[in-house]
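# Per-entry structural report
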Amino acid sequence: MGINKSLKNSKTIGGIRMKLSTRLIGSFVIVIAWVIFIGLFSQAKISDLYSNVSELTTIKLPAIRGIGKLEKQFNEFRKIEFMYLVSENKDDLRNYEERTRKTSVNIESLFKEYASTMTQPEEKENYLKLVDAWKLYLSTNEKILALTKNNEDHAAKSILFGDSRKQFYEVEKYADIIDEISADCGRHLQHQQGFAQRRR
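These lines cover the structure that appears in this document, whether it is placed above or below. Everything quoted here is computed from the prediction, not taken from an experiment.

## Quick word on the overall build of the protein chain
Scanning the protein chain for helices and strands turns up 5 helices and 0 strands. For the protein chain, the sequential pattern of α-helices and β-strands runs α-α-α-α-α. Going through the 200 residues of the protein chain one by one, you find that 32% of them count as buried. Taking the intrachain contacts of the protein chain between residues at least 6 apart in sequence as the baseline, contacts between residues at least 24 apart amount to 76%. Carbon and sulfur atoms form 58% of the exposed surface of the protein chain, whose accessible area is close to 13,600 Å².

What follows is the structure in structure tokens.
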């Protein structure tokens, strides 16, 4: 009898130990799984943050700077156009013609540079409108130059302050729209970056 009771007690204790061991192993597995999940989740958040920072620094900031450079060159071109029209010195005229040519080349280069940084559909749509507006303005500028060379200053001034001015306003309008789109996108990415950092 004593031996049987002892065996029963031993089996009971062994069963309790097995249950406790199973529970401990189960809890340990759950903890490990939770740690792995938290690690993967944090890694995903860090990847998102890096992606946003990367897009902000490598795409949107260059885009904002790019449209700023274009606007500066547009204004430079317009200024030279005015100076060309009022100048009477042949050397100055040649100088302004050369500056006009160089500025036009710079603008074409900046157009290509900016096109590589566009990410938003609205941005691309207005970029095409900007390019078309600039081409129309340039064609009118050629008429002004031709009239000035033929000493038809009155007709040249009429175009300069008429169609040319309206077309330049269109160029400025689309440049401003693109500038605002790029700035809004940059602010949105900065907001996402700040939010992600607060969640960490």
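Text resumes after the structure shown.
## Brief notes about the pattern of salt bridges
Throughout the structure, instances matching the rule amount to 9 salt bridges. Residue E113 pairs with K69 through a salt bridge whose shortest N-O separation is 4.0 Å. With E113 in helix α2 (residues 90-115) and K69 in helix α1 (residues 2-86), this pair connects stretches of sequence that are 44 residues apart. The exposure class assigned to K69 is partly exposed, which follows from its relative accessible area of 42%. Ionic pairing is found between E98 and R101, a salt bridge with its closest N-O pair at 2.8 Å. Placement of both E98 and R101 in helix α2 is noted, with a separation of 3 residues, approximately one turn of the helix. According to the relative accessible area criterion, E98 is partly exposed, its value standing at 33%. Overlapping salt bridges, with partners in common, bring together E76, K79 and R99 in one network.

## A few points about helix α3 (residues 121-149)
Taking 1.5 Å of rise per residue, 29 residues should cover 42 Å, and α3 covers 43 Å from first to last C-alpha, within 8% of that figure. In the segment just after α3, N151 is the residue with positive phi, at about 60°.

## So, the packing of aromatic side chains
In the structure shown here, the tally under the stated rule is 9 aromatic pairs. For the pair F82 and F161, a centre-to-centre distance of 5.6 Å together with 65° between the ring planes defines the contact as edge-to-face. Taken together, the positions of F82 in helix α1 and F161 in the loop between α4 (153-160) and α5 (163-199) put the pair 79 residues apart, joining distant regions of the chain. On the accessibility criterion, F82 (29% relative accessible area) is partly exposed. Judged by relative accessible area, which is 41%, F161 ranks as partly exposed. Aromatic rings pair up to connect F74, F77, F111, Y114, Y127, W134, Y137 and F168 into one cluster.

## Describing the environment of K166
Looking at the secondary structure, you find K166 in helix α5. With 29 residues separating them in the primary sequence, K166 and Y137 have C-alpha atoms 8.9 Å apart.

## Considering the nonpolar core
Membership of the largest hydrophobic core comes to 21 residues, with the highest contact counts inside it found for L70, F74, F111, L130 and W134. Of all elements in the fold, only α1, α2, α3 and α5 reach the threshold of two or more residues within this core.

## Brief notes about the environment of I144
Locating I144 in the fold gives a position in helix α3. Residues I144 and L160, spaced 16 residues apart in sequence, show a C-alpha to C-alpha distance of 7.0 Å. Those residues in contact with I144 that lie beyond four places of it in its chain are E81, A156, I159, L160 and S164.

Rules behind the numbers
- Residues numbered from 1 in each chain as written.
- Predicted model: local features only at pLDDT ≥ 70, side-chain atom pairs only at ≥ 80, totals over all residues.
- Heavy atoms only, no water.
- Helix = DSSP H or I, 4+ residues; strand = E, 2+ residues; numbered from the N terminus.
- Buried < 20%, exposed > 50% of the residue type's maximum accessible area, 1.4 Å probe, protein only.
- Contact = heavy atoms within 4.5 Å.
- Areas by Shrake-Rupley, 256 points an atom, 1.4 Å probe, with all protein chains shown as cover.
- Salt bridge = Lys/Arg side-chain N within 4 Å of Asp/Glu carboxyl O.
- Expected span 1.5 Å × (residues − 1).
- Phe/Tyr/Trp six-rings, centres within 6.5 Å; stacked < 30°, edge-to-face > 60°.
- Core = buried A, V, L, I, M, F, W, Y, C linked by side-chain atoms within 4.5 Å.

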